[in-house]
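Structural description and commentary
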Amino acid sequence: MKTDYLIIGSGIAGLSVAIKLAEQFPERKIIIVTKSSKEESNTQYAQGGIAVVMDKINDHFEKHIEDTLICGDGLCNREVVEWVVTEGPKRLQELMDWGTQFDRAEDGTLDLGKEGGHSYHRVVHHKDQTGKEIERAVLAKAHRHKNIQFLDYHFAVDLLVFDNGCKGALVLNERIGKQFAIYAGFTILATGGIGQLYRKTTNSVIATGDGIAMAIRVNAEVNDMEFIQFHPTALYSKAAHTFLISEAVRGFGAYLINKNGHRFLFDYDSRGELASRDIVSRSIAAELKKSGDDCVFLDTTHLDQNAFKKHFPAIVAHCLTEGIDVSVDWIPVIPVQHYLCGGITVNGNGQTSVENLFACGECSRTGLHGANRLASNSLLEAVVYAHRIFCFLKDTELLAVPFTSVSKEQFKEYQIPAEFIMERDSVLKNLIQQNVGIVRNMEDLEDTLRQLILWRDECERISQNHHLPKEFMELRNKITVAVSLVTASLNRTENKGCFFKEDTARFK
Ligand SMILES: Cc1cc2nc3c(=O)[nH]c(=O)nc-3n(C[C@H](O)[C@H](O)[C@H](O)COP(=O)(O)OP(=O)(O)OC[C@H]3O[C@@H](n4cnc5c(N)ncnc54)[C@H](O)[C@@H]3O)c2cc1C
């Protein structure tokens, strides 16, 4: 296949670029490849909202910039922070023009929530299902453009890079199990996060780091991979899927307590429940280590229950399915993997270090988050960088699309037992969960890296010239990303933001 623009991923980042290009160039072709259903993404699960300065009387861009820089712990790129924050209102208006409904106060103005690390109310939201509403509206908008072709259940396997540039991607049609090449003038990675490397994560099943692994295989620059954000309050349950109890619940006034009812966060930070995520997560980890308990609790019983239900209907309903009535019961919570602050390095135009290859959204590393992401800044980053890529491409001459057919004989079928993939995946998840968590140490990291390199080399041998199932390719990608994550963790000599190694000083 041939296309002018190939976009890999149909979350907020990929869809936003597609809509803008489709509107600007109705005669040009855009293909969106997405490996699951069109809506399955981390975007779909975002709860709290999108951080934008909308109350210009009490709030100010400078305060949002300052909050972002503080959270990033000295490693943000100030210029990037400034332009992302100040572009927020325009990009938010665009989302609303595309049909996204955000909650409004009685006077008709946007209802603004407050989350950990923010000095003011500025989180625009749709109840506790902001991502679902955004994905619905943006997907509907993309469908209205005839020049956007969706290929759902198509898995991008590898980037096609030759003659010093990216010329598209090799793609697996999951329905029929066949691979083919899509040649493109420009390729945009919008493949999201890496949560599925961990046993416990808030992320969607699609979050296997594919885009980052593909970028690593073509030697694109990747940075800040050690900065993994752990969300402090995922519901503690026996269920395989980890359900998130939004940060906004603490912003709304919930207390974080131990089993004795003690608000222990004030023992660690004067901001208590509203300290930034890394501090809250580490404090919970320390509290659990001290007590030997399995979880701590969120107490919402003192809050106005009608208002709480109105703001958080999905959370209230989900808790009830687990037998927790939030008006009388404490909610058991633990910290789990949530967000990757680093990723594929891009410049202000969203360009990677590989010619004609772009990246935006959670798979990219823009410099906004530094060592830690401020809550609700990621949806904002995704729309701002989607716009930046669009602005660059709008003024860039279309490239002739190359076409060299990939010989079918080049690929042989390879039977790989499903049990092998499942077993290896399970061991990998346990290893990463245990050794690359909230608190790391050099010895465990070194052992982990040795194991990962053996697995990576084995996967690459199997992958050469073979058709393999999607599950194997996801495992291969997770291992590739894990090598990068562990290497970056080993190399870091100073604890910053959400990164904490017990023995950093020893290795300086
Ligand atoms: C539970 C939860 C709550 C959150 N709450 C908030 C919040 O309140 N505010 C906020 O700002 N952020 C929040 N986040 C983070 C935010 O949702 C994500 O960072 C953001 O949505 C990422 O968007 P994206 O478009 O980059 O990736 P995603 O939305 O994850 O989309 C990635 C897309 O790429 C596709 N894809 C991946 N690999 C391949 C491949 N190999 N081939 C083809 N397609 C592929 C996927 O199928 C998917 O369509 C939350 C995240 C989670 C998990």
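Let us look at the structure shown here. Residue positions are given per chain, counting from 1 as you read along its sequence in written order. Given that the model is predicted, a residue must reach a pLDDT of at least 70 before its local features are reported, and side-chain atom pairs must reach 80 or more before they are shown or counted; all residues, however, enter totals for whole chains, interfaces and linings. Based on all heavy atoms of the structure, the side-chain values leave hydrogens and waters out of the count.

Structural notes on the overall build of the protein chain
Numbering of helices and strands runs from the N terminus; a helix is a DSSP stretch of H or I covering at least four residues, while a strand is a stretch of E covering at least two. Across its full length, the protein chain holds 13 helices and 19 strands. With the radius of gyration taken over C-alpha atoms, the globule rule is written as 2.2 Å times the number of residues to the power 0.38. A compact globule built from 508 residues should have a C-alpha radius of gyration of about 23 Å, and the protein chain, at 22 Å, falls within 12% of that. Its C-alpha atoms give the protein chain principal-axis dimensions of roughly 65 × 55 × 45 Å. Taken across its 508 residues, the protein chain has 62% of its residues classed as buried. Where the 57 positive side-chain charges of the protein chain centre and where its 67 negative ones centre are 2 Å apart. Using a 1.4 Å probe on the protein chains alone, a residue whose accessible area is under 20% of its type maximum counts as buried, one over 50% counts as exposed, and one in between counts as partly exposed. Charge counting treats Lys and Arg as positive and Asp and Glu as negative, with His and both chain ends excluded. To locate a charge, take atom NZ for lysine, CZ for arginine, CG for aspartate or CD for glutamate.

Side note on the environment of Gly253
Structurally, the position occupied by Gly253 is in the loop between α6 (247-251) and β12 (255-257). Its relative accessible area of 24% is what places Gly253 among the partly exposed residues. With 49 residues separating them in the primary sequence, Gly253 and His302 have C-alpha atoms 8.8 Å apart. Contact partners of Gly253, with chain neighbours within four places excluded, come to His302 and Leu303. Working rule for contacts: check all heavy atoms of both residues, and any pair within 4.5 Å makes them a contact.

Brief notes about the layout of surface pockets
Left-over empty space is what a probe sized like a water molecule reveals as it rolls over the atoms. Here the second largest pocket is characterised by a volume of approximately 690 Å³. When residues of the lining of the second largest pocket are traced back to their parent elements, those giving at least two are α7 (277-291), β14 (331-340) and α11 (418-435). Of the residues forming the lining of the second largest pocket, the biggest block, five residues, is contributed by α7. Residues that form the lining of the second largest pocket fall into these classes: ten nonpolar, seven polar and six charged. Cavities and pockets are defined on a 1 Å grid built over the protein atoms alone: a cavity is a set of grid points where a 1.4 Å probe fits but cannot escape, while a pocket is an open set with protein on both sides within 12 Å along at least five of seven lines, and lining residues are those with an atom within 4 Å of any such point. Grid points are joined across faces, edges and corners, and a volume is the space filled by probe spheres set on the points. Note on residue classes: Ala, Val, Leu, Ile, Met, Phe, Trp, Tyr, Cys and Pro are nonpolar, Asp, Glu, Lys and Arg are charged, and everything else, Gly too, is polar.

Description of the sheet that holds strand β10 (residues 222-223)
At least two bridges found by DSSP between two strands is the condition for calling them paired. Spatially, three strands are ordered β10-β15-β17 in an open sheet, and the strand pairing comes out mixed. Each of the sheet's edge strands pairs with one partner strand only, and the pair in question is β10 and β17 (364-365). In this sheet, strand β15 (residues 343-345) lies alongside β10 in antiparallel orientation, the contact comprising two bridges. Looking at β15, one finds that Asn223 is bridged to Gly343.

Concerning the site of the ligand
Close to the ligand lie 38 residues; Thr43, Gly49, Ala156, Glu362 and Ser378 are nearest. Measuring from a nitrogen atom of the ligand, one finds a backbone N or O atom of Gln47 at 3.3 Å. Burial of the ligand by the protein chains amounts to 98% of its free accessible area of 1,000 Å². When contributions to the shell around the ligand are tallied by element, the ones reaching two or more residues are α1 (12-24), β2 (30-34), β7 (154-162), β14 and α10 (378-394). For the shell around the ligand, the residue count by class is 13 nonpolar, 20 polar and five charged. Distances are taken per atom, and a residue is near a molecule or strand as soon as one of its heavy atoms is within 4 Å of it. Pairing of N or O atoms within 3.5 Å defines a polar contact, subject to two protein rules: one partner must be a possible hydrogen donor and the other a possible acceptor, and residues neighboring in sequence count only if both atoms are side-chain atoms. To be clear on the numbers: accessible area is Shrake-Rupley with a 1.4 Å probe, and residue cover counts the displayed protein chains and nothing else.

Side note on the state of the cysteines
By definition, a disulfide is the covalent link that joins the sulfur atoms of two cysteine residues. Only a pair of cysteine sulfur atoms within 2.5 Å counts as a disulfide in this structure description. Tallied over the full model, the rule gives zero disulfides. Here Cys498 stays free of any disulfide, with the sulfur of Cys341 as its closest cysteine sulfur at 4.1 Å. Classification of Cys498 by relative accessible area gives buried; the value is 5%.

Some thoughts on the packing of aromatic side chains
To pair, rings of Phe, Tyr and Trp, with the six-membered ring standing in for Trp, must have centres within 6.5 Å; the planes then decide the type, stacked if under 30 degrees apart, edge-to-face if over 60, and tilted in the middle. Under the criterion given, the structure shown has eleven aromatic pairs. With centroids separated by 5.8 Å and ring planes inclined at 85 degrees, the aromatic side chains of Tyr198 and Phe230 adopt a geometry described as edge-to-face. On the criterion of sequence distance, the pair formed by Tyr198 in the loop between β9 (178-189) and α5 (210-217) and Phe230 in strand β11 (residues 228-235) is long-range, its members being 32 residues apart. For Tyr198, a relative accessible area of 0% corresponds to the buried category.

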